[in-house]
Amino acid sequence: MTTHTSADTFPRQYARTLRYTVGAPRSFSVAPDGSRVVFLRSASGSDRANLLWTLDTATGEERIAADPAALLGGGEEDLSPAERARRERSREGSAGIVGYALDGAGRLAAFALSGRLFVADLVAGTATELPAEGPLLDPRLSPDGTHVAYATTSGELRLTRVDGTGDRALARPDGPNVTWGQAEFIAQEEMGRDRGHWWSPDSDRLLVERADDTPVNRWWIADPANPDREPAEIAYPAAGTADAEVGLWLLGLDGTRTEVVWDRAAFPYLARVHWSRNGVPLLLVQSRDQRVQRTLGLDVATGATEVLHEERDDVWLELFQGVPAWSPDGRLVRISDESGARALVIGDHTVTGPDLHLRSVVAVTADEVFFTASGGAAETDPEPGWIAVGRISHDGKRLAWESANGRPFTSVTTAVHAAGITVRATAEPDVPGTLVQVARDLPEGVVVDDVAVIASHAETPVITARPVFRFAGERRIPAAVFLPTGYDRERDGLLPVLMDPYGGPHGQRVVQAHNPHLTSQWFADQGFAVVVADGRGTPGRGPAWEKSIHHDFAGATLDDQVDALTALAGEFPLDLGRVAIRGWSYGGYLAALAVLRRPDVFHAAVAGAPVTDWRLYDTHYTERYLGHPAEVPEVYEGNSLTGYAAGLERPLMIIHGLADDNVVAAHTLRLSSALLAAGRPHTVLPLSGVTHMTPQEEVAENLLLLQVDFVKKSLGG
């Protein structure tokens, strides 16, 4: 890690370093022969432009494979609106090379810069630009390394040869709102699928998504600070409205076309595509209500599909990274809730039990499956917030943990694995940053001593987080408590409380790591006792915990914040007469909900980019939890905030980026209008030009300072 400058304050450093991610290695891949690890990292903790790097697994030597500054001649990046939208969907705030794709040998890497196409030879250490129609998106090398397929902002899927010849269109839009080779909005934002084209193992054809968003409602995002500019038109599939029409085609390099056929009326969501040498291509498709999903096998000769497995759930079915997949011996690998636990299933056998909560599959080898998991049943979970990488034999009889510190249940570890090489990234609660190690598999019982460390250039935070982890209350709600640095109970007495949750689906805040807690610690150092609680609906605690919020955001998630606060007050110096709450996105919804519905507990709130009317949020997310608004309108009424506006008794600050195309500013404006109609004073802070993320350094810094000032004044401090 690099050191910070003496003039840095935490808000300034936190904003400038994109939450201390700048300079940290990321996006790891292992060459199929295990000879090298490929990754991204910027040159320093203050430089946002990522370079492409390789590490020689025999020597541990790192080498730059591609430097965007050299390739662009020192010029600034020029991002297309489509690329900016892709980065917004993936919450990507860095610059330079933000993604790459390897060929089958792991010798070549393709990537886009300023909408232009580049290919790096990872052995020779050279990078060249290829002729291509731009601006382009998501270039993908063929496994044999001879071609690159890429999408364009005009909706084409094109193909060019690595030798610099033969650039041509494989598919052109056949309608004004049609794109080929790109993941549609819902897939990127909610399904965790950012790809829209996949090469065959033999490099002779591709599976290509065709998306038509003609049926999708059009919204317009205006910039009120610049009234001379036209509003930006977006296709936004709000709950209860039409989604894009998504199909899949097999496109041969010889010009042949075959449509992939499945029951798209019953299963309109294309959630996963997996094509490996181990078997036929796999598709995972979902019904619109996400209570039924099918794993399909594809006949590449005819485009016909066969149902390999169907899963049903009375509430909803989750999606996971890395599955479905084939094992080398031809068995289906998946993660399922069918046993009551979130378990790993290989073929017909469930190989993990209720003590584990599976989160993803990292790799499938001939003998083992590498996965990430958290604790399962609450009574057996030793600590809240751990995430570990395990490896289990196909029969479930051998389980081992990949751990940098020997304590897999007091850290957060992720990994990639291939060719006997594991790259594991481990974060601990008492150590800043993340340690990235490269290890080679050794025979059982042999100590792994050939570990290389991939250096991090991330800056060292100017403050130290000191989370105290607890299971709070009868429901054992995962929680972390932060007290001011140097706090003395006899001297300082009870402290005003700041609840700092996300509190909703897919947003775990209580984790056994250091850097994710820095903002909470900074707020504590301003004179608060800060409480972060992950109530029902948050991930990592089992299917029943997550699904207990079905049709009930406004009840379960708020009740657990109150219960955690009350329980922790028995141990920590919490002044329950001075309690504020802050949050962003779902956390913003929860913060506003808290002062609207429970003014007896919460005395002030800061709500950032809150969802206030769930009918304005997207289909795949909202309908999964609340159902279809036409079928259960009372659920939407009961979980939206505008109906509670008349109950506001406490200070409320609402913050919203006017350029937000995820949670649009209409959410805040509608709540503000309802509050005004009810005669309830409140504060609205509009952020001109800011999206759902706030990467602008000055904005991000000042938002923290303004929140502290608002909360202190509101609590009388």
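Residues numbered from 1 in each chain as written. Predicted model: local features only at pLDDT ≥ 70, side-chain atom pairs only at ≥ 80, totals over all residues. Heavy atoms only, no water.

**Some details on the sheet that holds strand β7 (residues 108-113)**
Read from one edge to the other, the open sheet built from four strands follows the order β6-β7-β8-β9, with strand pairing classed as antiparallel. Every other strand in the sheet has two partners, leaving β6 (101-102) and β9 (126-130) as the edge strands with one partner each. (Pairing = 2+ DSSP bridges. Helix = DSSP H or I, 4+ residues; strand = E, 2+ residues; numbered from the N terminus.)

**Description of the packing of helix α8 (residues 553-568) against helix α9 (residues 586-597)**
In a packed pair of helices, the relevant descriptors are the angle between the two axes and the axis-to-axis distance. Where α8 meets α9, the axes come as close as 10 Å, and the angle between the chain directions of the two elements is 80°. The orientation of α8 with respect to α9, classified from their angle, is roughly perpendicular. Across the interface between the two elements, Phe 553, Ala 554, Gly 555, Thr 557, Leu 558 and Gln 561 from α8 touch Tyr 586, Tyr 589, Leu 590, Leu 593, Ala 594 and Arg 597 from α9. (Axes fitted to C-alpha atoms, helices over the stretch in contact; angles between N-to-C directions. Parallel < 35°, antiparallel > 145°, perpendicular 65-115°, else oblique. Contact = heavy atoms within 4.5 Å.)

**Points about the pattern of salt bridges**
Here the structure, examined in full by the defined rule, presents 47 salt bridges. The shortest N-O distance in the salt bridge between Arg 16 and Glu 459 comes to 2.7 Å. Of the two residues, Arg 16 sits in helix α1 (residues 10-16) while Glu 459 sits in the loop between β36 (452-454) and β37 (468-472), which places them 443 residues apart along the sequence. Both residues of the pair, Arg 16 and Glu 459, belong to the buried class. Salt bridges sharing partners connect three or more residues here, namely Asp 313, Asp 337, Arg 342, Glu 546 and Lys 547. (Salt bridge = Lys/Arg side-chain N within 4 Å of Asp/Glu carboxyl O. Buried < 20%, exposed > 50% of the residue type's maximum accessible area, 1.4 Å probe, protein only.)

**Topic: the side chain of Ser 327**
When you line up the elements, Ser 327 lands in the loop between β25 (325-326) and β26 (332-336). For Ser 327, a relative accessible area of 0% gives the class buried. Side chain to side chain, Ser 327 and Asp 329 meet in a polar contact 2.3 Å long. Non-local contacts of Ser 327, meaning those with residues more than four positions away in its chain, are made with Asn 278, Val 333, Val 364 and His 394. (Polar contact = N/O pair within 3.5 Å; in protein donor to acceptor, adjacent residues only side chain to side chain.)

**Things to note about the nonpolar core**
Formed by 75 residues in total, the largest nonpolar core has its most connected members in Phe 553, Phe 602, Trp 614 and Leu 652. Per-element tally for this core: the top contributor is α9, with nine residues. Once residues lying within four places of it in the same chain are set aside, the contact partners of Phe 553 are Pro 505, Leu 558, Tyr 586, Tyr 589, Leu 593, Trp 614, Tyr 621, Tyr 625, Leu 626 and Asn 639. One finds Phe 10, Phe 482, Val 510 and Leu 518 within the second-largest nonpolar core, a separate group that totals 29 residues. (Core = buried A, V, L, I, M, F, W, Y, C linked by side-chain atoms within 4.5 Å.)

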